[in-house]
Amino acid sequence: MQYPGVRGFSVDALKEISFNVKPGELVSVVGPSGCGKTTLLKIVGGLLRPSKGKVLIDGEDVNIARKKAKIGFVFQNPVLLPWRTAIKNVELPLEVLGQSARHQVDPLRVLKQVGLAGFESTYPSQLSGGMQSRVAIARALVFDPEILLMDEPFGALDEITREKLGEDLVRLWMETKKSIVFVTHSIPEAVFLAQRVVVLTARPAAVARIVSVGLPHPRTADMQASREYIDRVGDVRNALGLSWGSSS
Amino acid sequence: MGILKLIGASERIRVALSILYRVLVAIIVVGFLIAAWQFLVTYLRVPEILLPTPYSIYVAFLNAQSTLYYHTGLTTVEIVTGFIISALAGVSFGTAIAYSKILERILYPIAILVKLTPAIAIAPLMTLWFGYGMTSKIVVVIIGSFFYVIVNTALGLQSVDPALVDLMHSLAAPEIVIFFKVRLPSALPYVFSALKLTITSCVIGATVAEWVGSVKGLGGLALLAASYHNTSLLFVAIIAVTALGIALFGLVALAERILIPWRPRQQGAES
């Protein structure tokens, strides 16, 4: 497999942005709010066309990759269809892709994988926010994409649920070996989850720095007290122009 | 789970009791009003031609029963046919408007113009064009009704969560698939709000059209009763139209509950 990569483009919202994601790598993207993170992710996923530059996935243009169902999206809100049960929501991509789905994972298995065994026939309105996010992740995994693009998927959740989902996401990532691009505005979340953190500057966004996090996966809560974790959080904060003393 | 079921059961009993209570209150209030009406009209010697007693209305109803069913059936057919055509045309035009700016600019003003023309003014013309049969009535019903569905269908289709559309695009879904899997179901609550308005305006449209161009149907019966100064029969016709309207509205509301079970109820499913 070739390296999926994003090579520099320049739009109103975004300036020079160029980074690679290795197969099976978990990369987070962090930046000040309104810097164009969502725009960047939409461009990476082929939902928006950049005015300049290219997105390559497996060496192919992103639009070809999108049509081959290589890209799974998880949005800021779970955006489930309220008239479909959890399992029916997970099955939606399979219905849309039909024959063109390269691989299909058993929807029941994915639902179990994200920790929702027994909730197949529950409607979204009866699920908690965290559970809805889990359904959204299952829906993105059910057609076995190469790369998972996640746009602040836990942004609307409370701290406790968020941390739990983060841990579960890492576990899922280790099981499925997907490449993941995880956009967030939470520095601790970015560092805690990812192998590398792409730090963006304020609008128009450019890559300020790419920080490698040398902690092994799976990560545990007590790693948040480790030297490496604290230093890397410091690096990200520095790259964002925040010092330890100031608050943003 | 046992506790949950228990709560569910007691909740159902509570709901049933509150419905029973409301029905009882309604029966008592209506019963009291009818009794007061009967009493006042009798003792104040109000002339029958101005205000008949509930009892004489009941007698008029018994006498007119066989023709009443015929007239009610006729009006019902007009309303239901007009309603179905209004709904189908409304959803089609609404969809066209939601997808095309040009069609929106052409169709919207026409729809508003047609809607603004009073049924009572257009009914004689329709009778001239389509004769004294049912066709002219159905046309009047449609003219007064299809507007709501157009507006709400367009609105519903356009207020789909953009993230849902993004999701479908990320799967390279063609627009037709997005329409049937996402847009149309999302628009259904809007469409049904419009359909509830539509059914009421269909009842009015049919009655007005019959009043103008017919001696048949409940509107025609009302006109006939008025011209014979048979006020009791006039009341029978009025009550029949109202009852018919309530029944049809109830059917639409029932269809809404069946077709949109996910629509959040008053008491939130959240918690």
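What counts, and where the lines are drawn
- Residues numbered from 1 in each chain as written.
- Chains lettered and ligands numbered in written order.
- Predicted model: local features only at pLDDT ≥ 70, side-chain atom pairs only at ≥ 80, totals over all residues.
- Helix = DSSP H or I, 4+ residues; strand = E, 2+ residues; numbered from the N terminus.
- Buried ≥ 20, exposed ≤ 12 C-beta atoms within 10 Å, placed from the backbone.
- Rg over C-alpha atoms; globule rule 2.2 N^0.38 Å.
- Contact = placed C-beta atoms within 7 Å.
- Expected span 1.5 Å × (residues − 1).
- Arc of directions from axis to C-beta.
- Domains from an automatic or database assignment.
- Pairing = 2+ DSSP bridges.
- Core = buried A, V, L, I, M, F, W, Y, C linked by C-beta atoms within 7 Å.
- pLDDT = per-residue confidence, 0-100.
- Axes fitted to C-alpha atoms, helices over the stretch in contact; angles between N-to-C directions.
- Parallel < 35°, antiparallel > 145°, perpendicular 65-115°, else oblique.
- Left-handed = near helix turned anticlockwise from the far one by under 90°.

### Digging into the overall build of chain A
Move 1: For chain A, the count of helices and strands is 8 helices and 10 strands.
Move 2: Across the 248 residues in chain A, those meeting the buried criterion constitute 44%.

### A short note on the overall build of chain B
Move 1: Counting its secondary structure elements, chain B contains 9 helices and 0 strands.
Move 2: Secondary structure elements of chain B, listed N to C terminal, follow the sequence α-α-α-α-α-α-α-α-α.
Move 3: Scaling as 2.2 N^0.38, a compact globule of 271 residues should have a C-alpha radius of gyration of about 18 Å, whereas chain B reaches 24 Å, well beyond that.
Move 4: Within chain B, contacts between residues separated by at least 24 positions form 74% of all contacts whose residues are at least 6 apart in sequence.

### A closer look at helix 6 (residues 159–176) of chain A
Residues and elements named next belong to chain A.
Move 1: Helix length check: helix 6, at 18 residues, gives a terminal C-alpha distance of 25 Å against a target of 26 Å (1.5 Å per residue), a fit within 8%.
Move 2: Turning to helix 6, its buried residues number three or more, namely R162, L165, G166, L169, L172 and W173. The buried residues of helix 6 occupy one face: seen down the axis, they fall within an arc of 130°. Looking at helix 6, the residues exposed on the side facing more than 90 degrees away from the buried face are I160 and E175.
Move 3: Where the residues of helix 6 are buried, they touch strand 3 (26–30), helix 4 (107–113), helix 5 (129–141), strand 8 (179–184) and helix 7 (187–193).
Move 4: One or two steps after helix 6, the chain reaches K177, where phi turns positive at roughly 60°.

### Thoughts on the interface of chain A and chain B
Move 1: The interface of chain A with chain B comprises 19 residues on the first partner and 17 residues on the second.
Move 2: Elements supplying a minimum of two residues to the side of chain A that touches chain B: helix 2 (62–67), strand 6 (71–74) and helix 3 (86–97) of chain A.

### Here we look at the domain arrangement of chain B
Move 1: According to the domain assignment, chain B consists of domain 1 (1–45) and domain 2 (65–259).
Move 2: Centre-to-centre separation of domain 1 of chain B and domain 2 of chain B, based on C-alpha positions: 32 Å.

### Regarding the pairing of strand 10 (residues 207–212) of chain A
Residues and elements named next belong to chain A.
Move 1: Pairing geometry for strand 9 (residues 196–200) and strand 10, over 5 bridges, is antiparallel. Each bridged residue has a counterpart across the sheet, and for V199 the counterpart in strand 10 is R209.
Move 2: Linking strand 9 to strand 10, which pair antiparallel, is a turn of 6 residues.

### Let's talk about the nonpolar core
Move 1: Among the nonpolar cores identified, the biggest contains 75 residues, and A:A138, A:V181, A:V197 and A:V236 are the most heavily contacted of them.
Move 2: It is helix 5 of chain A that contributes the most residues to this core, 7 residues altogether.
Move 3: Residues B:I143, B:I199, B:L234 and B:A240 belong to the second largest nonpolar core, which totals 54 residues.

### Topic: helix 3 (residues 101–116) of chain B
Move 1: Given a rise of 1.5 Å per residue, 16 residues ought to cover 22 Å, and the 22 Å separating the end C-alpha atoms of helix 3 of chain B matches this to within 8%.
Move 2: For helix 3 of chain B, the tally of buried residues reaches only 0 of 16 residues, placing the bulk of the element at the surface.

### Brief notes about the pairing of strand 8 of chain A
Residues and elements named next belong to chain A.
Move 1: Strand 8 sits mainly inside the fold: 6 of its 6 residues count as buried.
Move 2: By the alternation rule, side chains of strand 8 split into S179, V181 and V183 and I180, F182 and T184, which are all buried.
Move 3: Across 5 bridges, the pairing between strand 3 and strand 8 is parallel. Residue S28 lies in a different strand from strand 8, and its bridge partner there is F182.

### Remarks on the confidence of the model for chain B
Move 1: For chain B, mean pLDDT is 88; residues scoring 70 or higher make up 94% of the total.
Move 2: Across residues 265–271 of chain B, where pLDDT falls below 50, the model places 3 contacts with residues more than four positions away in sequence or in other chains.

### Comments concerning unusual backbone geometry
What you tend to see is this: most non-glycine residues have negative phi, and most peptide bonds are trans.
Move 1: Along the chain, A:H217 connects to A:P218 via a cis peptide bond; the corresponding omega equals -5°.
Move 2: Examined against the element boundaries, A:P218 turns out to sit in the loop between strand 10 and helix 8 (227–239).
Move 3: The backbone of B:R45 sits at a positive phi, close to 50°, despite the residue not being glycine.
Move 4: Mapped onto the secondary structure, B:R45 falls in the loop between helix 1 (2–43) and helix 2 (54–99).

### Observations regarding the sheet that holds strand 6 of chain A
Residues and elements named next belong to chain A.
Move 1: Pairing is mixed across the open sheet formed by 6 strands, whose spatial order is 6-7-8-3-9-10. If you trace the sheet from one side to the other, it starts and ends with strand 6 and strand 10, each paired once. Between one strand axis and the next, the sheet turns through 15° on average, direction left out of account.
Move 2: Relative to strand 6, helix 5 is tilted by about 170°, and along the sheet it contacts strand 6 and strand 7 (147–151).

### Overview of the packing of helix 2 of chain B against helix 9 (residues 231–259) of chain B
Residue and element names in this part refer to chain B.
Move 1: Contact geometry for helix 2 and helix 9: axes closest at 9 Å, N-to-C directions at 45°. By the angle between their directions, the pair helix 2 and helix 9 is classed as oblique. Of the two elements, helix 2 crosses helix 9, and the hand of that crossing is right-handed. Of helix 9, the residues touching helix 2 (which contributes S56, I57, A60, F61, A64, L68, T72, T75, T76 and I79) are S232, L233, F235, V236, A240, L244 and L248.

### Points about the environment of A:E163
Move 1: As for its placement among the helices and strands, A:E163 is situated in helix 6.
Move 2: Separated by 26 residues in the primary sequence, A:E163 and A:E189 have C-alpha atoms spaced 8.1 Å apart.

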